[in-house]
Amino acid sequence: RKEVEQDPGPFNVPEGATVAFNCTYSNSASQSFFWYRQDCRKEPKLLMSVYSSGNEDGRFTAQLNRASQYISLLIRDSKLSDSATYLCVVTGPGSASKIIFGSGTRLSIRP
Amino acid sequence: GAVVSQHPSRVICKSGTSVKIECRSLDFQATTMFWYRQFPKQSLMLMATSNEGSKATYEQGVEKDKFLINHASLTLSTLTVTSAHPEDSSFYICSARDLLPGLAGFQETQYFGPGTRLLVL
């Protein structure tokens with residue numbers, strides 16, 4: 001089993017739709033969780049951190065479920081510019097911990 | 001936010017030559033940097049962890065003698081692809097770890113360099 005698993009997609013949704021991604025992780029001691037966004041032929045960019053209490057940033061909401069070991073990302077009112085690959089990232093525990101990337105979920109927003 | 005730069009952004013070289021890629025943290029000190037490789041339509045694969053002042057830690061399957069890493073200062077790590085071959089052609093990305101204030105104290109996060117596209121002919 002992979003340490004971090006994501007549905008690769010692609011998700012193809014119309015503009016304005018709500019779309020949700022899930023990501024599962026295998027190490028129950030994992031400490032930090034993030035969603036990154038990667039555009040084609042570009043480096044990943046931090047989208048948001050994921051806290052146990054959940055967090056929201058505009059149209060984006062991230063949730064963490066430690067009991068079930070998954071994190072989620074919800075995008076509301078999707079825009080064409082949201083088209084990208086979304087990477088789930090898990091780290092920890094410990095300051096020297098590895099960063100584990102999911103394989104990414106491709107999202108394509110159509111007009 | 002924190003900025004990480006990479007140089008060069010793109011390099012084309014002949015088979016057998018060595019290529020050096022630099023990764024710099026511009027506004028913070030990074031005791032730990034990471035080197036990744038990404039082939040087309042694939043995920044980032046961690047190659048090695050670069051530790052300032054000590055030897056790098058390589059992932060399984062990554063040849064340390066082929067991918068030389070030097071982390072001589074808190075803001076600079078270099079990756080040298082020695083005797084590059086066409087199969088080494090890839091997108092190489094570095095990242096540096098920083099600490100950000102979060103809801104429960106400081107939380108580490110990664111900032112990525114813009115990447116270096118290597119094409120070996």
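Predicted model, so just to flag it, every value in this text is computed and none were measured.

What counts and what doesn't
Residues numbered from 1 in each chain as written. Chains lettered and ligands numbered in written order. Predicted model: local features only at pLDDT ≥ 70, side-chain atom pairs only at ≥ 80, totals over all residues. Heavy atoms only, no water. Phe/Tyr/Trp six-rings, centres within 6.5 Å; stacked < 30°, edge-to-face > 60°. Helix = DSSP H or I, 4+ residues; strand = E, 2+ residues; numbered from the N terminus. Lys NZ or Arg CZ within 6 Å of the ring centre and 35° of its normal. Contact = heavy atoms within 4.5 Å. Buried area = accessible area lost by both parts, 1.4 Å probe. Salt bridge = Lys/Arg side-chain N within 4 Å of Asp/Glu carboxyl O. Polar contact = N/O pair within 3.5 Å; in protein donor to acceptor, adjacent residues only side chain to side chain. Nonpolar A, V, L, I, M, F, W, Y, C, P; charged D, E, K, R; others polar. Core = buried A, V, L, I, M, F, W, Y, C linked by side-chain atoms within 4.5 Å. Buried < 20%, exposed > 50% of the residue type's maximum accessible area, 1.4 Å probe, protein only. pLDDT = per-residue confidence, 0-100. Disulfide = S-S within 2.5 Å. Pairing = 2+ DSSP bridges. Axes fitted to C-alpha atoms, helices over the stretch in contact; angles between N-to-C directions.

1. A look at the packing of aromatic side chains
Counting across every chain of the model gives 12 aromatic pairs over all chains. Between Phe11 of chain A and Phe21 of chain A, the ring centres sit 5.3 Å apart and the planes meet at 75°, which makes this aromatic pair edge-to-face. Of this pair, Phe11 of chain A sits in strand β2 (residues 11–14) while Phe21 of chain A sits in strand β3 (residues 19–25), and the two are 10 residues apart along the sequence. The ring of Phe67 of chain B is capped by Lys66 of chain B, whose NZ or CZ atom sits 5.9 Å from the centre of that ring. Against the face of Phe91 of chain B rests Arg117 of chain B, its NZ or CZ located 4.1 Å from the ring centre.

2. Comments concerning the interface of chain B and chain A
Listed by partner, the interface residues are 21 residues for chain B and 25 residues for chain A. The junction of chain B with chain A conceals about 1,800 Å² of combined surface from both sides, 52% of it contributed by carbon and sulfur atoms. The tally of links from chain B across to chain A stands at 0 salt bridges. At the boundary of chain B with chain A, the tally comes to 3 residue pairs in polar contact (both at pLDDT 80 or more). The residue makeup of the side of chain B that touches chain A, split by class, is 9 nonpolar, 7 polar and 5 charged.

3. Considerations on the pattern of salt bridges
In the structure shown here, the tally under the stated rule is 7 salt bridges over all chains. Between Glu43 of chain A and Lys45 of chain A there is a salt bridge, and its shortest N-O distance comes to 2.9 Å.

4. Points about the nonpolar core
Membership of the largest hydrophobic core comes to 25 residues, with the highest contact counts inside it found for Val4, Trp35, Phe67, Leu79, Tyr92 and Leu118 of chain B. Counting residues per element, the ones that place at least two in this core are β2 (10–13), β3 (19–25), β4 (32–38), β5 (45–51), β7 (67–73), β8 (76–81), β9 (90–102) and β11 (116–120) of chain B. Ignoring anything within four residues of it in the chain, the contact list for Phe67 of chain B reads Arg37, Met47, Tyr58, Val62, Leu79, Thr80, Val81, Asp88 and Tyr92 of chain B. By size, the runner-up hydrophobic cluster in this structure holds 24 residues, among which are Val19, Phe21, Trp35 and Ala62 of chain A.

5. Here we look at the confidence of the model for chain B
In this model, chain B carries an average pLDDT of 88, and 91% of its residues clear a pLDDT of 70 or more. Averaged pLDDT values for the elements of chain B fall to 72 in strand β10 (residues 105–112) of chain B and rise to 96 in β8 of chain B.

6. Considering the state of the cysteines
Residues and elements named next belong to chain A. Under the counting rule described, the total for this entry stands at 2 disulfides over all chains. In this model Cys23 forms its disulfide with Cys88; the gap between the sulfur atoms is 1.9 Å. Classification of the bridge connecting Cys23 and Cys88 rests on its S-S torsion, roughly -70°, and on that basis the disulfide is left-handed. One end of the pair, Cys23, is in strand β3; the other, Cys88, is in strand β9 (residues 84–91), and 65 residues separate them in sequence. When its relative accessible area of 0% is taken as the criterion, Cys88 is described as buried.

7. As for the pairing of β3 of chain A
Side chains on a regular strand alternate between the two faces of the sheet. Residue and element names in this part refer to chain A. Going residue by residue along β3, you find Val19, Phe21, Cys23 and Tyr25 tucked away on one face and Ala20, Asn22 and Thr24 left uncovered on the opposite face. In this sheet, β3 lies alongside strand β1 (residues 4–6) in antiparallel orientation, the contact comprising 3 bridges. Pairing of Glu5 across the sheet is with Thr24, part of β3. Examined bridge by bridge, β3 and strand β8 (residues 70–75) share 6 bridges and lie antiparallel to one another.

8. Focus: the sheet that holds strand β7 (residues 60–65) of chain A
All names here are of chain A. Spatially, the 5 strands line up as an open sheet ordered β1-β3-β8-β7-β6, and their pairing is antiparallel. Every interior strand has two partners, whereas the edge strands, β1 and β6 (55–57), have only one. Here the strands of the sheet are splayed against their neighbours by 15° on average, with no regard to which way each runs. As paired strands, β7 and β8 are joined by 6 bridges and run antiparallel to one another. Of the residues in β8, the one forming a bridge with Ala62 is Leu73.

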